[in-house]
Every structure is written in structure tokens, then in C-alpha cells.
Amino acid sequence: MNKLLVLTMFGFFFFVSCGKEKSNTDQDFSAPAPAEKTAEAESYDPKRGLGKYSTVELGATLDKALAEKGLKTAEVKCTSCHKATDEKLVGPGWKGVTERRAPEWIMNFITNPDPMIDKDPELQAQLELCMIRMPNQGLTDDEARSILEYMRQNDGVK
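Residues numbered from 1 in each chain as written. Predicted model: local features only at pLDDT ≥ 70, side-chain atom pairs only at ≥ 80, totals over all residues. Heavy atoms only, no water.

## Comments concerning the side chain of Thr 73
Structurally, Thr 73 can be placed in helix 3 (residues 64-77). Looking at Thr 73, the relative accessible area reads 13%, which means it is buried. Apart from residues no more than four positions distant in its own chain, Thr 73 is found in contact with Cys 78, Leu 139, Glu 143, Ser 146 and Ile 147. (Helix = DSSP H or I, 4+ residues; strand = E, 2+ residues; numbered from the N terminus. Buried < 20%, exposed > 50% of the residue type's maximum accessible area, 1.4 Å probe, protein only. Contact = heavy atoms within 4.5 Å.)

## Details of the packing of aromatic side chains
For the structure on display, the rule yields 2 aromatic pairs. Judged by centre distance (6.2 Å) and plane angle (65 degrees), the ring pair of Trp 94 and Tyr 150 falls under edge-to-face. Of the two residues, Trp 94 is situated in the loop between helix 3 and helix 4 (97-100) and Tyr 150 in helix 8 (residues 141-154); the sequence distance between them amounts to 56 residues. Across this residue pair, the class does not change: Trp 94 and Tyr 150 are buried. Here the basic side chain of Arg 101 rests over the ring of Trp 105, its NZ or CZ set 3.9 Å away from the ring centre. (Phe/Tyr/Trp six-rings, centres within 6.5 Å; stacked < 30°, edge-to-face > 60°. Lys NZ or Arg CZ within 6 Å of the ring centre and 35° of its normal.)

## Some points on the nonpolar core
Of all hydrophobic cores here, the largest spans 22 residues; its most connected members are Trp 94, Trp 105, Met 116 and Ile 147. Residues within four places of Trp 94 in sequence aside, it is in contact with Ala 74, Cys 78, His 82, Lys 83, Ala 84, Thr 85, Ile 147, Tyr 150, Met 151, Asn 154 and Asp 155. (Core = buried A, V, L, I, M, F, W, Y, C linked by side-chain atoms within 4.5 Å.)

## Observations regarding the confidence of the model for the protein chain
Mean pLDDT for the protein chain: 83, with 73% of residues reaching 70 or above. Note that residues 12-16 has pLDDT below 50 and, in this model, 3 contacts with residues that lie over four places away or in other chains. Across residues 19-41, where pLDDT falls below 50, the model places 12 contacts with residues more than four positions away in sequence or in other chains. (pLDDT = per-residue confidence, 0-100.)

## Brief notes about helix 3
Given 3.6 residues per helical turn, the α-helix brings residues three or four places apart onto the same face. Compared with the 20 Å implied by 1.5 Å per residue over 14 residues, the 20 Å span of helix 3 between its first and last C-alpha is a close match. Tucked into the core, helix 3 has its buried residues touching helix 8. Here helix 3 starts with a cap whose side-chain oxygen sits 3.3 Å from the backbone nitrogen of Ala 65, and that cap is Asp 63. (Expected span 1.5 Å × (residues − 1). Polar contact = N/O pair within 3.5 Å; in protein donor to acceptor, adjacent residues only side chain to side chain.)

## Comments concerning the side chain of His 82
Here His 82 lies in the loop between helix 3 and helix 4. Assessed through its relative accessible area of 15%, His 82 is described here as buried. Looking at His 82, its side chain comes within polar contact range of the main-chain oxygen of Pro 92, at 2.8 Å. When sequence neighbours within four positions are dropped, the list of residues in contact with His 82 reads Leu 89, Gly 91, Pro 92, Trp 94 and Met 134.

## Some remarks on the packing of helix 5 (residues 103-111) against helix 8
Two elements in contact, helix 5 and helix 8, have axes whose closest approach is 10 Å; the angle formed by their N-to-C orientations is 130 degrees. Taken together, the axes of helix 5 and helix 8 are oblique relative to one another. Relative to helix 8, helix 5 is oriented so that their crossing is right-handed. Where helix 5 approaches helix 8, its residues Pro 103, Ile 106, Met 107, Ile 110 and Thr 111 are matched on the opposing element by Asp 141, Ala 144, Arg 145, Ile 147, Leu 148 and Met 151. In the contact of helix 5 with helix 8, the residues fall into 8 nonpolar, 1 polar and 2 charged. (Axes fitted to C-alpha atoms, helices over the stretch in contact; angles between N-to-C directions. Parallel < 35°, antiparallel > 145°, perpendicular 65-115°, else oblique. Left-handed = near helix turned anticlockwise from the far one by under 90°. Nonpolar A, V, L, I, M, F, W, Y, C, P; charged D, E, K, R; others polar.)

This is the structure in C-alpha cells:
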């Protein structure tokens, strides 16, 4: 009986933690018109992804306070699906991600996952492995930047 209760609670928390968060902005996230889709497909840059971040300035050294904020945000919004190691949980592990991907790509993906998944062949292949799309967690720019700094710390930036 206890195992059933624990499994039920785990399932409930898993689905709640990975759900979409309602945003209180007036942004329209509906699909773009066909002409816009063509322009997006042509302008997709696999090095920076798709989104508002064309450059992200990183310090030569780690901002430890920002990384600590990123850890706290990740614990709430990310770690139910991602591990800090290279081990897959629901989604892929984070170890080495800042060495494989540009900071702009990471920022664009964690703030804009749906269009990125639709356009990026590597993300589409990852989706085949994970079988679950990364939900948009409604991260603010500051939260996303702090998570990026935590990822840098996780990858050994000092």
C-alpha cells in the first residue's frame, strides 16, 4: 500500500512540476502565419537557435551569486526532468551543455522551446529519444540567465 501511495504522489508531482505556467503577459504565442514560418525557417541559425537572444555576454569568471539563483530556479522548474550529470532523466542531463552549445542557443531554447524544437534537427532527434517535448516554463530573462550561469558552474567554470 505504501509503494502505491508513493508512486501516485510521484506521478502527481511529476505532472504538476512539468506543466505549463500561465503567463500574465499579453503576448500571442499562436502559430505564425505561413509566410512567417518560411521566413523563420530560412533565418534559423543552429548556432544561436531561434529567439530574441543574438548575443549573450558571459564573464570570464563565474558569477557565483547568479549561479546560486540559477540553482534555486532550476530546483523548482528543471530538476524534475533534468539531472546535473550526463544521465538522462526525462530530458537529457546537463553536464557539458555549455561546452556543446553557445550561450545564445541555451538562452533561446530555455525561454522559447517550442519553436526551437520545431526547427532544430538535433532537438527533433533528441525528442525521439526522450519522447516528451520540453514544456515552456515561462522563465523570465533573469531566471534564464541565472540558469545559464548555474549550467556554467556545473560544467566547471570558476
